[in-house]
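Remarks on the overall topology
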Amino acid sequence: MQIIRDRDTLRNAVAALREAGGRVALVPTMGALHAGHMALIAEGKRRARAVVASIFVNPTQFGPNEDLAAYPRREATDAAMLEEAGCDLLWAPDVATMYPAGFATTVSVGGVTEGLDGAARPGHFNGVATVVTKLLNQVAPDIALFGEKDFQQLAVIRRLVADLDLPVEIVGVATERDDDGLALSSRNAYLDPAQRTAARALPRALGEAASAIERGEPVAAALALAHRRLGEAGFGPIDYVLLCDAVTLAPIDRLDDATGHEARLLAAAKLGGVRLIDNLKVAPR
Ligand code: PAF
């Protein structure tokens, strides 16, 4: 697997992959790869002839008090995992290549970015939308794959691709979970053993609330119970536990308010300073 750090080499390498025929898939990541990322690579390999992964810890999507400096960086291990998984190219630009001197453009998506993490992490989705637009332009893949774990990010990327007529198919891939249900995330590495045990309360609280809502119990009561369960497990502050329309991400308080779309239960909360997010599909029975 070739590791590429400049745009000209990338362009030539992707052109060579295209000459071999078939579709090219892109899996954008910030590295610190885990089984969730490898599921994206595997799905990319099922859907395309060649898979390009990117690793770029994007400074513009971190807030001033967030974990940019501490974010795990281990490119050699990541590259070995990608090679083993049959990835064809690794695009690993540095910050000066991605944001050269004079860089002055921001891609800002409205609507779907306004609540949830958009409210809790001001500017975060501008950073994500800008870098994802650049990655899609740099690699020009036929398809790009993103995990459903970052459900709002996936909705933002679907919106920007539709709005900017970008010629790429966006594929969402189901969340990978540990045996106790915790969604895999590079940030789980920040949890100490006691916090890691307590963290299982997040998928449990969401699962309990989703089942209650699916049985027809009032949404507000189910959300309040999930909130309480998280507090009892040591989570705090709790940014949100909300039932939303899965496309617009507007909060809803009845399952049939998600007009024509699925409903999604989403939560974000801190556990000992580590911010965890998760989400589940909620379908009427
Ligand atoms: O999900 C991530 O790892 C990042 O937000 C992404 C999509 C690679 C953009 O930096």
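Thresholds, definitions, all that
Residues numbered from 1 in each chain as written. Predicted model: local features only at pLDDT ≥ 70, side-chain atom pairs only at ≥ 80, totals over all residues. Heavy atoms only, no water. UniProt positions renumbered as here; feature names shortened; annotations may be inferred. Helix = DSSP H or I, 4+ residues; strand = E, 2+ residues; numbered from the N terminus. Contact = heavy atoms within 4.5 Å. Near = heavy atom within 4 Å. Polar contact = N/O pair within 3.5 Å; in protein donor to acceptor, adjacent residues only side chain to side chain. Nonpolar A, V, L, I, M, F, W, Y, C, P; charged D, E, K, R; others polar. 1 Å grid on protein atoms, 1.4 Å probe; cavity = no way out; pocket = protein on both sides within 12 Å on 5 of 7 lines; lining within 4 Å. Points joined across faces, edges and corners; volume = space filled by probe spheres on them.

1. Observations concerning the UniProt feature "active site" (unreviewed entry) in the protein
UniProt's entry tags His 37 with the feature "active site" (unreviewed entry), counted in the numbering of this structure. With respect to the helices, strands and loops of the structure, His 37 is situated in helix α2 (residues 35-47). Not counting residues within four places of it along the chain, the set of residues in contact with His 37 comprises Thr 29, Gly 31, Ala 32 and Ser 186.

2. A short note on the site of the ligand
Taken together, the residues surrounding the ligand are Pro 28, Thr 29, Met 30, Asn 58, Gln 61, Val 131, Val 132, Phe 146 and Gln 153. Side-chain polar atom of Gln 61 to an oxygen atom of the ligand: 2.6 Å apart, as the coordinates give it. Residue Gln 153 places a side-chain N or O atom 2.6 Å away from an oxygen atom belonging to the ligand. Elements represented by at least two residues in the shell around the ligand include exactly β2 (24-29) and α6 (124-139). Class assignment of the residues belonging to the shell around the ligand gives a composition of five nonpolar, four polar and no charged.

3. Overview of the layout of surface pockets
Estimated volume of the second largest pocket: approximately 300 Å³. What lines the second largest pocket is a set of 14 residues, among which Leu 154, Ala 155, Arg 158, Ala 246 and Val 247 lie closest to the centre. By residue number, the principal contributor to the lining of the second largest pocket is helix α7 (residues 151-163), which donates five residues. The class makeup of the residues in the lining of the second largest pocket is six nonpolar, three polar and five charged.

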